[in-house]
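Residue-level structural notes
Spelled out from the first residue to the last, the chains are:
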Amino acid sequence: MDRDDRDDPFGDFFEEIERMMNEMATGDAPSADDAGFGSDTHVDAYTTEESVRLVADLPAVSKDDLSLRCDGDALTISAVSDRREYDETVDLPAPVDERSADATFNNGVLEVTFDRADDSASIDLA
């Protein structure tokens, strides 16, 4: 007896899941270049009165692939590996002293801490 595909209400559903899994595994998805690390990356910012701390999840990135730049108002995180390229600028929640940066990278988690910049400067009268 031949099986009628119309009798399988989940046939199309499972075929679609298999197609998506194959695209993820091979990187052939139509938007694979657009996805980059952005689809895998999550950045959180934490502030205190003295500091600003950013924590970014960067799966499948090695420490040697990372490059960080800061101008006091934004942090740019770049990574280039054999598999991906990533470049994202994150606006900082407060102005920081970029020379005070302290960064660690462990198991795909980047943590960068800055001292907050003084919001005002004293002016000497002559």
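Computed from a predicted structure; not experimentally measured.

**Points about the sheet that holds strand 4 (residues 74-80)**
With antiparallel pairing, three strands are arranged side by side in an open sheet as 3-4-5. The open sheet terminates on both sides in strands that have one partner only, identified here as strand 3 (66-70) and strand 5 (85-91). The mean inter-strand angle of the sheet, taken between neighbouring strand axes irrespective of direction, is 15°. Here strand 3 runs beside strand 4; their pairing, made up of five bridges, is antiparallel. Pairing of leucine 66 across the sheet is with alanine 79, part of strand 4.

**Digging into the pairing of strand 6 (residues 96-106)**
Across seven bridges, strand 6 lies against strand 7 (residues 109-116) in antiparallel orientation. Note on strand 7: the bridge partner recorded for aspartate 102 is threonine 113. The antiparallel pairing of strand 6 with strand 7 creates a hairpin that spans two residues between the two strands, and asparagine 107 there sits at a positive phi of about 55°.

**Digging into the sheet that holds strand 2 (residues 51-57)**
Overall, antiparallel pairing links the four strands, which are arranged 1-2-7-6 in an open sheet. The sheet is open, and its two edges are formed by strand 1 (42-47) and strand 6, each paired on a single side. Averaged over all pairs of adjacent strands, the angle between strand axes in this sheet comes to 15°, irrespective of strand direction. Two strands pair when backbone bridges link them, and strand 2 and strand 7 are joined in this way by seven bridges, in the antiparallel orientation. Across the sheet, valine 52 pairs through a bridge with phenylalanine 114, a residue of strand 7.

Reading the values: rules and limits
Residues numbered from 1 in each chain as written. Predicted model: local features only at pLDDT ≥ 70, side-chain atom pairs only at ≥ 80, totals over all residues. Heavy atoms only, no water. Pairing = 2+ DSSP bridges. Helix = DSSP H or I, 4+ residues; strand = E, 2+ residues; numbered from the N terminus. Axes fitted to C-alpha atoms, helices over the stretch in contact; angles between N-to-C directions.

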